[in-house]
Each structure stands twice: as C-alpha cells, then as structure tokens.
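Close look at the chain arrangement
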Amino acid sequence: MLSKIIFLLSFCIFYLHCVSGAADKVLCYYASWGANRPGDGQFTAEDINANLCTHVNYAFLGLNDDGSLKILDNATDIENGGLEKVAALKQINPNLKALFSLGGYAAGTQLFTAVSSDATKRATMAQSAIEFCQTYNFDGLDVDWEYPLEGDRQNYITMLSDIKQAFEPHGYILTVAVAAIPTDAAYDVPAMSNVLDVINVMTYDFHGSWAGVTAQNSPLYASPLDGEWQKDNLNCNSSITHWILSGAAPEKLAIGVAFYGHAYTLADASNHDLGAPSNGPAPAGEFTQNMGTLGYNELCEFHKDGTIVWDDAQKVPYMYDDTLWVGFDNPDSVALKAQYAKDNNLAGVMIWSIETDDLHALCGTKYALLQAVNDNMK
Ligand SMILES: *[C@@H]1O[C@H](CO)[C@@H](O)[C@H](O)[C@H]1NC(C)=O
Ligand SMILES: *[C@@H]1O[C@H](CO)[C@@H](O)[C@H](O)[C@H]1NC(C)=O
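So, how was this worked out
- Residues numbered from 1 in each chain as written.
- Chains lettered and ligands numbered in written order.
- Predicted model: local features only at pLDDT ≥ 70, side-chain atom pairs only at ≥ 80, totals over all residues.
- Heavy atoms only, no water.
- Helix = DSSP H or I, 4+ residues; strand = E, 2+ residues; numbered from the N terminus.
- Buried < 20%, exposed > 50% of the residue type's maximum accessible area, 1.4 Å probe, protein only.
- Contact = heavy atoms within 4.5 Å.
- Lys, Arg positive; Asp, Glu negative; His and termini not counted.
- Charge placed at Lys NZ, Arg CZ, Asp CG, Glu CD.
- Salt bridge = Lys/Arg side-chain N within 4 Å of Asp/Glu carboxyl O.
- Phe/Tyr/Trp six-rings, centres within 6.5 Å; stacked < 30°, edge-to-face > 60°.
- Axes fitted to C-alpha atoms, helices over the stretch in contact; angles between N-to-C directions.
- Left-handed = near helix turned anticlockwise from the far one by under 90°.
- Nonpolar A, V, L, I, M, F, W, Y, C, P; charged D, E, K, R; others polar.
- Near = heavy atom within 4 Å.
- Polar contact = N/O pair within 3.5 Å; in protein donor to acceptor, adjacent residues only side chain to side chain.
- Areas by Shrake-Rupley, 256 points an atom, 1.4 Å probe, with all protein chains shown as cover.
- Disulfide = S-S within 2.5 Å.

Another aspect to go through is the overall build of the chain. Looking only at helices and strands, the chain features 13 helices and 15 strands. If one aligns the C-alpha atoms of the chain with their principal axes, the spans along those axes are about 60 × 60 × 40 Å. Taking all 378 residues of the chain together, 53% fall into the buried category. Of the contacts formed within the chain by residues at least 6 apart in sequence, a portion of 72% connects residues at least 24 apart. Across the chain, the 19 positively charged side chains and the 45 negatively charged ones have centroids separated by 8 Å.

Rendered as structure tokens:
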C-alpha cells in the first residue's frame, strides 16, 4: 500500500498535470428545449447521465433590464421541472455541478452591454445569480455573451469580477463561453483567466453552408485545402493555441466539442469531396428543426445508409447521402479532442450540446459521443 502511494506521488511529481488535476472536466451544455422535441429527439433533464458530466450548463436563462436573471420558458424550466431535475442529478453524482447558462447567441448583446456598464445593475445581476443558485440548488453561472465588442472590453471583465467576488463566500462557480478567435471580441484574456473558473471555447461553426463549398464544422487541425489565414484560425488547435498565447492559463480552457454537424445540399450528388460545390444549407432535421445543421442523433436515426469518410488531416469525419453532405463529429473524433485536452493540460472538454447525443443507441451505443469523451478523459 505504502509503496503504491510513494509510486503515485513520484508519478505525480514528474507529471505535474496529475497534481493539478487538469483535463478532468466534462462541461455539458444541455439545451433545455430538447425536452420538447418530437419522437426519439426528445431528451428531458432526466435523460442526462449524471456520471458522464462533471458540470451541466442549463441553457438558457435571460436578463431583465435591471440586471436580474430571468426564466425564459416557464413551462419547460419550472412547471415541467427542468431546473429541479438537473439539480436532482446531484443525488446520483454528488460531485456534479449545475450551472445556469445565461444568454446564448439568440439573446443578442444589448442587455449585456447595458447591464455590464452600470454598477448597480452589475450588483443586481450578481445578487440575483446567488438567489437563483440558492432557490434551485445550483452551483454557479455560465455567462454566454455572444459577443462583447471593443466598447465592452472593460465592462465585460468588471462584470465578471463583480460576480466572482459576490460568489466567493458561497463557493459558486463562474464560467463563460467565448468565441474561438480571441481577437474577434473584446477579451482581456489574462484578466479573464484570473477571474474565471473555466473558459469554454466554442471551437466549432468554423465552416458551414454559407461558404458555398463543403468543409468541416469543427476540425481539430488544418486542412491542406486551407489558405494561410484559415490554417492559423479555423480549427480547434489554432483556436486553443491563440487563447494560450493571448494569456489564458491552459488549465482554465475547455475545448468545445459539437454533438451536431453542419449540413449542406450538394450541387452534384456525385461530387461529395471536401470543397465540393454546395447549393446551400440542407433542409432542417426532424428533431432539431434548424436548416443547415443536424444533430448526431438525427444522423443515426435517418442517415444510417450514408457513406462516412474519415478526414485524417482534420481528424473528423464527413458523411454524404445522395445530395446531403455533413461535416460532423463521431466517437473517434471526440475521443481525439478529449486526448488533445489531456495532452495540452486543458481544463477539459465542453460540449454543445448533450441532448443530440445517441440517447437510444441507434448508432450502436447509448450516449455514444459523451461516453467516448469520458473513456478518453479517465
Ligand atoms: C411559472 O410557473 C409556476 C408554476 O406553475 C408559477 O407559480 C409561476 O407563477 C410561473 N411564473 C411565470 C412568470 O409565469
Ligand atoms: C496548432 O496551431 C498553431 C497555431 O496556429 C500552429 O502553430 C501549430 O503548428 C498547430 N499544430 C498542429 C499539430 O497543427
């Protein structure tokens, strides 16, 4: 026993990431509206596997004009018990943390700009977040402001600092979701790295049907087809590298993993390579109802006959099925992203979003993507 402890200690001294416990976080965004999807697309808060996440980020809450937090969908979040069911997951996994995710792309920037620039509203926001945590038995807040611009730079970090300070006596967690390219938004990266518990980097949506030719949603590395700027900006590795070079501590960064793909309509079904001409976004999927993207579960349920090609340069697959083309992630590619988090001593992996995983094992394994992330974290 003692020799085993001594062995482990010496191992940890040689491998410092063992001591710092880096790359051990699996931050799971849960899109609460998944509870209202039809058929096999339905994924309620009770369907979350509490042992495959370290954090559940409940998306989304909104802001009131005075800075207080706002429930956006009373039926889903309160009446049907969405928030309560997420908190109840902590009975299954006592180490699990539940966070409110505030904002999101659709929420826009106006309220964030107004609240962050006003000291009274910032204080109200922090106090309201504490009260929400107490009321719903949550453990913190994830600020998903997409995106602070140049004029917000100081107010953004002041807002985060004020919240963190108010959270301190309660031990609540503060995280953010950020753009893949740090220079695109007004981030004081070193200050953010000091204040925040985790910075969730949205390393996806690098390419989509807007480009006119097929390309990957979330490539780990560059493609030989990329130009110089693309090589250095439009993949997970370049993004994480830039965040570190901008002053983020690696152990504060979570690499974003997408449980959906960007879906295109091919101009010609027989030309289905990377860079093939596309007529635009593929039609919306039955579950996610969004033109140009498909959940992993939709690929499993409706496109089993599609041909899957492994893109070895970018370490992600793509699939084609007649005129449908999708650049997506599968268990192999998410495993490599988890491995990347470990190799680079990151905080871990962030997922947008767990309710489009293969809940019904239609591709073979229940929670196939989240399971693959976990298998490569431990
Ligand atoms: C939300 O639902 C609860 C439970 O039905 C109800 O008590 C509350 O008044 C509702 N709040 C709003 C803002 O509709
Ligand atoms: C990772 O990204 C950085 C920054 O773009 C680049 O210098 C480096 O070569 C990349 N690593 C790999 C293995 O592609």
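What follows picks up the thread again.
The subject of this paragraph is the pattern of salt bridges. For side chains of opposite charge, pairing can occur when their charged atoms come near one another. One pass over the full model with this rule turns up eight salt bridges. Between K85 and E46 there is a salt bridge, with its nearest N and O atoms 3.6 Å apart. Taken together, the residues K85 in helix 4 (residues 82-92) and E46 in the loop between strand 1 (25-31) and strand 2 (55-63) connect sequence positions 39 residues apart. On the basis of relative accessibility, which here comes to 27%, the residue K85 falls in the partly exposed class. With a relative accessible area of 55%, E46 lands in the exposed category.

Once that is clear, we can look at the packing of aromatic side chains. Inspection of every chain in the model, using the stated rule, returns 20 aromatic pairs. When the centroid spacing of 5.6 Å and the interplanar angle of 85° are considered together, the rings of F167 and Y172 count as edge-to-face. Taking the relative accessible area as the measure of exposure, F167 reaches 0% and is therefore buried. Measuring from ring centre to ring centre gives 6.1 Å for Y204 and Y260, while their planes differ by 75°; the resulting arrangement is edge-to-face. Of this pair, Y204 sits in the loop between strand 7 (198-201) and helix 9 (228-231) while Y260 sits in strand 9 (residues 260-266); the two residues are 56 residues apart in sequence, bridging distant segments of the chain. Given a relative accessible area of 12%, Y260 falls into the buried group. Of the aromatic side chains, those joined through ring pairs into one cluster are F112, W145, Y156, Y187 and W243.

Looking now at the packing of helix 12 (residues 331-343) against helix 13 (residues 368-375). Relative to each other, helix 12 and helix 13 sit at 35°, their axes nearing to 8 Å. In the crossing of helix 12 with helix 13, the sense of the turn from one axis to the other is right-handed. In this structure, helix 12 contributes P331, V334, A335 and A338 to the contact, and helix 13 contributes A368, L369, A372 and V373. Across the contact of helix 12 with helix 13, the residue classes tally to eight nonpolar, no polar and no charged.

Attention now moves to the site of ligand 2. Contacts to ligand 2 come from Y221, D232, N237, S238 and T241. Separating an oxygen atom of ligand 2 from a side-chain N or O atom of D232 is a distance of 2.5 Å. Interatomic distance of 3.5 Å between a side-chain N/O atom of T241 and an oxygen atom of ligand 2. Here ligand 2, which alone exposes 360 Å², has 46% of that area covered by the protein. For the shell around ligand 2, the class distribution of residues is one nonpolar, three polar and one charged.

Locating K337 in the fold gives a position in helix 12. You can call K337 buried: its relative accessible area is 0%. Among the polar contacts listed, one links the side chain of K337 to the side chain of D329, at a separation of 2.8 Å. With near-sequence residues (within four places) excluded, K337 lies in contact with S218, L220, C236, I255, V257, V316, D329 and V349.

This next bit is on the state of the cysteines. Scanning the entire structure with this criterion turns up two disulfides. Residue pairing for C28: its cysteine sulfur links by disulfide to C53, the two sulfurs lying 2.1 Å apart. Its S-S torsion of approximately -100° makes the covalent link between C28 and C53 left-handed. Pair noted here: C28 is in strand 1 and C53 is in the loop between strand 1 and strand 2, with a separation of 25 residues, a long-range link. Counting only cysteine sulfurs, C28 is the nearest neighbor of C236, a cysteine outside any disulfide, at a range of 17 Å. Owing to a relative accessible area of 0%, C236 belongs among the buried residues under this scheme.

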